[in-house]
Amino acid sequence: MTLLQDARDLQGEIAALRHDLHREPEIGLDLPRTQERVLAALDGLGFEVTTGTETTSVTAVLRGGALPREATRPVVLLRADMDGLPVQERSGVDYTSRIDGAMHACGHDLHTAMLVGAATLLADRRHTLAGDVVLMFQPGEEGFDGAAHMVREGVLDAAGRRADAAYALHVFSSLAPHGQFVTRPGVMMSASDGLFVTVHGAGGHGSAPHLAKDPVTVAAEMVLALQTMLTRQFDMFDPTVITVGRLAAGAKRNVIPDTAEFDATIRTFSDAHRARMQQAVPRLLEGIAYAHGLEAEVRYEAEYPLTVTDLAETDFAEGSIAELFDGRHARLAQPLSGSEDFSRILAEVPGSFIGLSAVPPGTDPATTAFNHSPFATFDDSVLADGAALYAHLALTRSAELAPRL
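Residues numbered from 1 in each chain as written. Predicted model: local features only at pLDDT ≥ 70, side-chain atom pairs only at ≥ 80, totals over all residues. Heavy atoms only, no water.

If you check an unreviewed UniProt entry, the protein appears there as M20 family metallopeptidase from Sinomonas flava.

What follows is the structure in structure tokens.
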């Protein structure tokens, strides 16, 4: 039996786990039910399992049997994120979320189930594994920087030495045809930062704004000025994105409030523009407030760095995809404007981030709901393929690295 055939024999088990996880999504760094299911699935497979101290993470190490224990052994890390999102599900699947206001809207339930499937495939091939494999089951990818927590907990050195290569899979509910894998060497995803602004004015009667200091009009000017700044201070061929997702002020239409607030996400595709943005944004907003005789409290928070894949490791991943799934791969022409805390791992260990389209067969990926939508739907049929690729990457990369160590 081939690895892919064995993975497809596990399809029913992997899908059942995925459905269980989907029904009970958990958010953030504390995922006790999800951790319990992962631990139960790994039980008896021969992994050395540890759980997190800062989070409900799971780290599992499999010692390969193809090299003597005293030899210097390659280490390959495979990561799956496990958390859901604060989204009310409207996908209509029969295993829909039972948790009000929570949904696996980004496919992390698939990632977790696929990596559990890979654990079984690797355990069955332990005698041929020329190194050690670290499975990284990570909470808190959705804005909680779970990868940074796991790095502090020692996941990169869990096998006893620093990992030599690291890979992660991520499914998409849109963008690419069903079953297609996508990669990109170099910058694959943007850096992400948060902007939080409070404009302090002086409230008054809506009929007499000259007797008040209106923070609403100043905040509105700031929102528009940020977009103008992008086209006048930043090179259009090195994109930057600012989106204001929250704007709040006042409680009644004829009352000028004391304050107005807005929050934004900022995405950049180079370290140079990211550093410039951290200086330019507060300067602009504080200047606008000063010009109107008001004050602005500007908080700029650095979040996830650029996701930068290693050229050699991405080439290797592409070769693995071609070996298993001939004709089902494409390189992204441009980086994605989403952000990922797997960037923390890639900043420390050479590796690659691989996309996989879980768009339902026969649907148009240009019109299906994208990740994070309450209507996002991820098709089960890619589960076995993802598990097979995870396992294949670990087995073949370990074998390639072993002679060099």
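Peer 1: Can you break down the sheet that holds strand E8 (residues 191–200) residue by residue, with the values?
Peer 2: By definition, the strands of a sheet pair up through backbone hydrogen bonds, in either a parallel or an antiparallel sense. As summarised here, the arrangement of the 4 strands in space is E10-E12-E8-E13, forming an open sheet in which the pairing is antiparallel. Each having just a single partner strand, strand E10 (240–249) and strand E13 (295–304) make up the two edges of the open sheet. Shown here is a sheet whose adjacent strand axes are inclined to one another by a mean of 15 degrees, direction ignored. Relative to strand E12 (residues 259–268), E8 runs antiparallel, the two sharing 10 bridges. Looking at the pairing, Gly194 lines up with Thr265 of E12. Contacts from helix H7 (residues 271–291) reach E8, E10, E12 and E13 within the one sheet, and its direction differs from that of E13 by about 165 degrees. (Pairing = 2+ DSSP bridges. Helix = DSSP H or I, 4+ residues; strand = E, 2+ residues; numbered from the N terminus. Axes fitted to C-alpha atoms, helices over the stretch in contact; angles between N-to-C directions. Contact = heavy atoms within 4.5 Å.)

Peer 1: An account of the UniProt feature "domain: Peptidase M20 dimerisation" (unreviewed entry) in the protein is needed here, citing residue identities and associated values.
Peer 2: Residues given the UniProt feature "domain: Peptidase M20 dimerisation" (unreviewed entry) here are residues 195–279. Secondary structure across residues 195–279 comprises 33% helix and 35% strand; the distance between its end C-alpha atoms is 12 Å. (UniProt positions renumbered as here; feature names shortened; annotations may be inferred.)

Peer 1: Can you lay out helix H3 (residues 32–42) for me, pointing to particular residues and giving the numbers?
Peer 2: Within the sequence span of H3, burial applies to Thr34, Gln35, Val38 and Leu42. The buried residues of H3 occupy an angular sector of 100 degrees when projected down its axis, which confines them to one face. With respect to the buried face of H3, the exposed residues turned more than 90 degrees away are Glu36 and Ala40. At its buried positions, H3 is contacted by helix H2 (11–23), strand E1 (48–51), strand E2 (58–63), helix H4 (108–124) and strand E4 (132–138). Following H3 by one or two positions, Gly44 has its phi on the positive side, about 85 degrees. (Buried < 20%, exposed > 50% of the residue type's maximum accessible area, 1.4 Å probe, protein only. Arc of directions from axis to C-beta.)

Peer 1: So, the pattern of salt bridges: which residues are in play, and what are the values?
Peer 2: Here the structure, examined in full by the defined rule, presents 28 salt bridges. Taking the shortest distance from any N to any O, the salt bridge between Arg246 and Glu261 comes out at 2.8 Å. Of this pair, Arg246 sits in strand E10 while Glu261 sits in strand E12; the two residues are 15 residues apart in sequence, bridging distant segments of the chain. By relative accessible area, which is 28% here, Glu261 ends up partly exposed. By sharing partners, the salt bridges in this structure join Glu24, Glu26, Arg33 and Arg37 into a single network. (Salt bridge = Lys/Arg side-chain N within 4 Å of Asp/Glu carboxyl O.)

Peer 1: How would you summarise the packing of aromatic side chains if you had to cite specific residues and measurements?
Peer 2: Here the structure, examined in full by the defined rule, presents 4 aromatic pairs. When the centroid spacing of 6.3 Å and the interplanar angle of 40 degrees are considered together, the rings of Tyr167 and Phe316 count as tilted. Within this pair, whereas Tyr167 is found in strand E5 (residues 165–172), its partner Phe316 is found in helix H8 (residues 311–324), the two being separated by 149 residues in sequence. Pair check on accessibility: Tyr167 and Phe316 agree, each one buried. Aromatic side chains Phe342 and Phe353 sit 6.0 Å apart centroid to centroid with 35 degrees between the ring planes, which places their arrangement in the tilted category. Of the two residues, Phe342 sits in helix H9 (residues 342–346) while Phe353 sits in strand E16 (residues 351–357), which places them 11 residues apart along the sequence. Owing to a relative accessible area of 0%, Phe342 belongs among the buried residues under this scheme. Since its relative accessible area comes to 1%, Phe353 is described here as buried. One residue, Arg276, lies across the ring of Phe234, its end atom 4.5 Å from the ring centre. (Phe/Tyr/Trp six-rings, centres within 6.5 Å; stacked < 30°, edge-to-face > 60°. Lys NZ or Arg CZ within 6 Å of the ring centre and 35° of its normal.)

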